[in-house]
Amino acid sequence: ALCDSDQDVRHQAAVAFQTLYKLCGSEAVDAVVPVLLDQVSDDTSGNHEKALFGLCQVLKLRSKELLPEIVPRLLATPMSRPHINALGTIAEVTGSSLHLLASKILPVLTSELVRTDALAKDDDADARELNKALEACVLKIVSAVEESGIQWFAVEMLKECNSE
């Protein structure tokens, strides 16, 4: 139901997931989130966008608890375009807690930007496309961080600037 074509159904499924999470904890995450992530990772299927929307609905309700489970799966390197797009999209709904994972997100995005930039300079068209997607993802993440997390996020960004 989290991937249903009807937005109201997806929202109600997210509310049901929240109840399930309260009762079962990480077992609910282990049962539902991997299926959504598999569908999000497969941008050739028609369910990609619906699964991403379902994942966002779940994250709107439980971002602090679920982001630490989901973000590392999306940050597997080399990052794929579906994962880059998913990270940017979920950033838009998790701005209140996204800064808590800045120390995990920023190093990977920085190294991926450096990697794809170097490949793009060698006239690799796929690398150029990935690099553009990464830049868009970074902009979405930076824009999504709420005021309460800006200082924390900025410190992590400065660490990355110094390391790269």
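Scroll up a little and you will see the structure.
First things first, this report covers the structure right here in the doc. All of these numbers come straight from a predicted model, not from anything done at the bench.

### Description of the overall build of the protein
The secondary structure content of the protein amounts to seven helices and zero strands. Scanning the protein from its N terminus toward the C terminus, one meets helices and strands in the order α-α-α-α-α-α-α. Radius of gyration (C-alpha) of the protein: 16 Å, near the 15 Å computed for a compact globule of 164 residues. Taking the principal axes of its C-alpha atoms as reference, the protein extends roughly 50 × 35 × 25 Å. Looking at the protein residue by residue over its 164 residues, the buried ones come to 42%. Taking the contacts inside the protein whose residues are at least 6 apart along the sequence as the reference set, 66% of them involve residues at least 24 apart. Charged side chains of the protein number 15 positive and 25 negative; the gap between the two group centres comes to 3 Å.

### What about unusual backbone geometry?
Cis peptide bonds are those with omega within 30 degrees of zero, and the linkage from Thr-77 to Pro-78 qualifies with -5°. In the Ramachandran plot, Asp-123 falls in the positive-phi region, its phi being about 70° despite a non-glycine side chain. By the secondary structure assignment, Asp-123 is in the loop between helix H5 (102-121) and helix H6 (125-144).

### Examining H6
In this model, H6 (20 residues) spans 29 Å end to end at C-alpha, consistent with the 28 Å of a helix rising 1.5 Å per residue. Measuring from the backbone nitrogen of Asp-126 back to the side-chain oxygen at the start of H6 gives 3.0 Å, which picks out Asp-124 as the cap.

### Thoughts on the side chain of Ser-63
With respect to the secondary-structure elements, Ser-63 resides in helix H3 (residues 48-74). Discounting residues that sit within four places of it in the chain, Ser-63 has contacts with Pro-68, Thr-94, Ser-96 and Ser-97.

The rules behind the values
Residues numbered from 1 in each chain as written. Predicted model: local features only at pLDDT ≥ 70, side-chain atom pairs only at ≥ 80, totals over all residues. Heavy atoms only, no water. Helix = DSSP H or I, 4+ residues; strand = E, 2+ residues; numbered from the N terminus. Rg over C-alpha atoms; globule rule 2.2 N^0.38 Å. Buried < 20%, exposed > 50% of the residue type's maximum accessible area, 1.4 Å probe, protein only. Contact = heavy atoms within 4.5 Å. Lys, Arg positive; Asp, Glu negative; His and termini not counted. Charge placed at Lys NZ, Arg CZ, Asp CG, Glu CD. Expected span 1.5 Å × (residues − 1). Polar contact = N/O pair within 3.5 Å; in protein donor to acceptor, adjacent residues only side chain to side chain.

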